[in-house]
Amino acid sequence: MAILPIVLFPEKILQQKCDKITSFDKKLAKLLNNMYETMVEADGVGLAAPQVGVKKQVAVVEIDEGSGVIELINPEVLEVEGEQTAVEGCLSFPSIYGEVSRPYRVKVRAQDRKGSFFEIEAEDFLARALQHEIDHLHGVLFTSKVSRYITEEELERFEEE
């Protein structure tokens, strides 16, 4: 496996709608494995393919070691409910954090690395992470949803609470 370079804003690929995956092959499996390794190395909780320069609807999410990795291929949000506001960051925007409001609960339909469809329902932080990565696949950046930017000093206070 390889650690891939993370694409930083303002690279154009970050604001483009990604293409659907149609071939569930070894190349896709390698991309998923490399994306996971890259996310872990960068200390992230999610990573979308455009963040590593690949314009495909592929994302990986792992909010903690106990939750396991979630691989999302061609994901679509089926249902949302509630609202939550919390601080978000992004590996493509180093040192930038902001408050973002998103639905509290989400139901997503996606495919796994073999092409089988599955649904996942998530709440709270996992719901936020899934939505953030799915947004990337549509060229939507979290900065377009920030209601207030947070300084690194404020972020440290949030993390202490």
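Being a predicted model, the structure only gives us computed values, none of them experimental.

> Account for the overall build of the protein, naming residues and giving values.
Along the protein, the regular secondary structure elements total three helices and eight strands. Each helix and strand of the protein, placed in order from N terminus to C terminus, yields the pattern α-β-β-β-β-β-β-β-α-β-α. For 161 residues, the compact-globule estimate of 2.2 N^0.38 gives 15 Å, and the protein sits close to it at 15 Å. With the C-alpha coordinates aligned to their principal axes, the bounding extent of the protein is approximately 45 × 35 × 30 Å. Residue burial in the protein is summarised as follows: out of 161 residues, 43% are buried. Considering only residue pairs separated by 6 or more positions, the protein has 64% of its internal contacts joining residues 24 or more positions apart. Here the protein contributes 18 positive and 30 negative side-chain charges, whose respective centroids are spaced 11 Å apart.

> Could you give an account of the side chain of N74, naming the residues involved and the relevant values?
You can see N74 is positioned in strand β3 (residues 70-81). A polar contact is formed between the side chain of N74 and the backbone nitrogen of I21, at a distance of 2.8 Å.

> Can you explain the UniProt feature "active site" (unreviewed entry) in the protein? Please cite residues and give values.
In this numbering, the UniProt entry assigns the feature "active site" (unreviewed entry) to E133. Structurally, E133 can be placed in helix α2 (residues 124-137). Setting aside its immediate chain neighbours within four residues, E133 contacts G46, L47, A48, Q51, A59, V60 and V61. For E133, the side chain forms a polar contact with the main-chain nitrogen of A48, separated by 3.2 Å.

Thresholds applied
- Residues numbered from 1 in each chain as written.
- Predicted model: local features only at pLDDT ≥ 70, side-chain atom pairs only at ≥ 80, totals over all residues.
- Heavy atoms only, no water.
- Helix = DSSP H or I, 4+ residues; strand = E, 2+ residues; numbered from the N terminus.
- Rg over C-alpha atoms; globule rule 2.2 N^0.38 Å.
- Buried < 20%, exposed > 50% of the residue type's maximum accessible area, 1.4 Å probe, protein only.
- Contact = heavy atoms within 4.5 Å.
- Lys, Arg positive; Asp, Glu negative; His and termini not counted.
- Charge placed at Lys NZ, Arg CZ, Asp CG, Glu CD.
- Polar contact = N/O pair within 3.5 Å; in protein donor to acceptor, adjacent residues only side chain to side chain.
- UniProt positions renumbered as here; feature names shortened; annotations may be inferred.

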